[in-house]
Structure formats: C-alpha cells, structure tokens
Amino acid sequence: MNLNEAKNILLLYRPGTADAEEPQIAEALALAQREPELASWLVDHGSRQEALRARFRQIAVPAGLKEQILSEQPARERLLHRHPRLTLAALAALILLVGLMVFWPPHRPGGDTLETYRNQMIGIAMSGYGMDFLTNSPTEIRAYFAQNQAPADYVWPAALEKAAIVGCAVQGWQKEKVSMVCFRTGRPLPPNQSSDLWLFVVPRASVKDAPEPGQRRFATVHGLITSAWSQGDTVFLLGTKGSESTIQQFL
C-alpha cells in the first residue's frame, strides 16, 4: 500500500468507531505510524472532518422535518428499488459537493482575505495536485504562465535559487489566475511526491488585506510553514514543511 492508496482508504475512516478494525483501514493506520507525511495528512484530515461535523451540528432542524421524512418514506423506498444506481450516484455527488465546499469555499463577500487565499493554496499543495508543465527552466515557466494569462512578470527572492525547480501549474483564485511554481529543497521526499516547496503568485488587488511592501506574514497552514509578502502589484506565498527558520533560508 502506497501513501495515495492509504489516503483514499482513510477518507472513509471515522475515529472512535469500529472502522479501525477493518483490515484495509488498519493497514493504512499502521502505515501512518511509520510515515510522517501520512500522519500529518491524517491529523489535518481529522481536523477538517471535525470542523465539518461542527458546522452540521450548528444547523437548526426545521420544524416538522421528522414528520415529512416519515410521510415520504414509502416513496423513497419505491425509488430505491426502481433506481438503485441513481440513488447511489446522488449520494456520491453529495459527498463530493461537501468535500469541495470544505476545501474550496464558494466566493462570498469577505472571502478574498489573505487567510482564505493561503488556506486554499496550501490545501492544493497538500492535496496530491498534478503539475501542468514539468521543467527546471525559470524562463520556460514564465513563458508558460504568460501563454496561459497567469502572472509572469515577477521577481522571486534570490535565495530561492538554492532550490531546484521541477515544474509549475496554473490555479484559480476568485476571478484571477495564480502562478504556482514547484521546487525541491533537497530533503528526502516521500514516495510519489515530486516537490516540497511551493511558490504562489497572484495579483495583489485580489487579496484585500495583502501584506504591505516590506512586510512578511508567517503562518502554519495544514502542517506547512508559510510566508506571504507583497512586491509591487503582486502577492507572493511560499510554503514548505518545517519551522519559520526553515522557510527563512528561501526568502
């Protein structure tokens, strides 16, 4: 069992239940005890699930809902017997929708803050994303961004030159495109992971409380240490595993 397989299995895991006795889940949990990356992912996943459950618990039950459910029970049973695949597909779609709402909240007033942007971008870095373009050339990466209408006119810190570039991707934020550059720090990587340092570049106007020029804001998000700063009309966000001193060497 590799890390990605374990993550897919642990998506169904409910702490405090008999799930841990299932052979596949037990094997994935045992792997998490040996693999720090999977252990960190499992902690983050558990936190997101608990936050989701807390949101559900805050939803008030409409008056008369129980009576309505009981009155519609015969109709639901007929639908299940006639269209079992449709019912299962609807359930799967609902689960997917809830997951997307947790990781990529819909745009709403006040949702364009640095905190929201940082959480969304680092969530992408930790989610098993795929790179759009594999290259170790900064020039080719800028050309790719320009071709795809993503920020390409930027200057990143000279200290980033000590990290090896492995590729890039274009992500979305509000109505803007985000340039994502993927690096390797040189530290050992877990299997199936190609980068461990990520830089995100977005127009400053899209982040309403962006850092002032010359200011750096550090925060730990999803187990990564991050630093955000502004330069001209651009906001930069850098993230990696470690502490503030770890990321400082790339700034």
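So, here is what we can say about the structure in this document. As the structure is a prediction and not an experimental result, all values here were calculated from the model. (Residues numbered from 1 in each chain as written. Predicted model: local features only at pLDDT ≥ 70, side-chain atom pairs only at ≥ 80, totals over all residues. Heavy atoms only, no water.)

1. Quick look at the nonpolar core
Link 1 in the chain: Ranked by size, the top nonpolar core spans 26 residues in total, and within it Y117, M121, M180, W198 and F200 carry the most contacts.
Link 2 in the chain: If one sorts the elements of this core by residue count, helix α6 (residues 114-125) sits on top with six residues.
Link 3 in the chain: Here F200 is in contact with Y117, M121, I122, A125, V178, S179, M180, V235, F236 and L237, once residues within four sequence places are set aside.
Link 4 in the chain: Core analysis: the next-biggest nonpolar cluster, separate from the first, contains 22 residues, Y144, A150, L160 and I225 among them. (Core = buried A, V, L, I, M, F, W, Y, C linked by side-chain atoms within 4.5 Å. Buried < 20%, exposed > 50% of the residue type's maximum accessible area, 1.4 Å probe, protein only. Helix = DSSP H or I, 4+ residues; strand = E, 2+ residues; numbered from the N terminus. Contact = heavy atoms within 4.5 Å.)

2. Quick notes on the pairing of strand β7 (residues 234-240)
Link 1 in the chain: Of all the seven residues making up β7, seven are buried; the element is thus mostly covered by neighbouring parts of the structure.
Link 2 in the chain: Burial of the side chains of β7 extends over both faces: T234, F236, L238 and T240 are buried on one face and V235, L237 and G239 on the other.
Link 3 in the chain: Judged from the seven bridges that link them, strand β4 (residues 197-203) and β7 form a sheet pairing that is antiparallel. Within β7, the residue paired with W198 across the bridge is G239.
Link 4 in the chain: Inspection of the sheet shows strand β6 (residues 224-231) paired to β7 by seven bridges, in the antiparallel sense. Within β7, the residue paired with A228 across the bridge is L237.
Link 5 in the chain: The hairpin formed by β6 and β7 contains two residues between the paired strands, and G232 there has a positive phi angle of roughly 65°. (Pairing = 2+ DSSP bridges.)

3. As for unusual backbone geometry
Link 1 in the chain: Of note, Q149 is a non-glycine position whose phi angle comes to about 55°, a positive value.
Link 2 in the chain: Position of Q149 relative to the elements: it lies in the loop between α7 (138-147) and β2 (164-173).
Link 3 in the chain: The exposure class assigned to Q149 is exposed, which follows from its relative accessible area of 58%.
Link 4 in the chain: Phi is positive for H222, close to 50°, though the residue is something other than glycine.
Link 5 in the chain: Counting through the fold element by element, H222 comes out in the loop between β5 (216-221) and β6.

4. Concerning the pairing of β2
Link 1 in the chain: For β2, the buried fraction is high: seven of the ten residues fall into the buried class.
Link 2 in the chain: Pairing geometry for strand β1 (residues 133-134) and β2, over two bridges, is antiparallel. From the neighbouring strand, L134 faces β2, where its bridge partner is G167.
Link 3 in the chain: Bridge count for β2 against strand β3 (residues 176-184) is nine bridges, and the pairing is antiparallel. Along β3, the bridge assignment pairs C168 with V181.
Link 4 in the chain: Linking β2 back to β3 in an antiparallel pair, the connection comprises two residues, with Q174 at a positive phi of about 50°.

5. A short note on the packing of aromatic side chains
Link 1 in the chain: In total, this model carries seven aromatic pairs according to the counting rule given.
Link 2 in the chain: Plain terms: the ring middles of Y117 and W173 are 5.2 Å apart, the flat faces sit at 65° to each other, and that makes the pair edge-to-face. Placement of the pair is Y117 in helix α6 and W173 in strand β2, with a sequence separation of 56 residues.
Link 3 in the chain: With relative accessibility at 0%, the residue Y117 sits in the buried group. (Phe/Tyr/Trp six-rings, centres within 6.5 Å; stacked < 30°, edge-to-face > 60°.)

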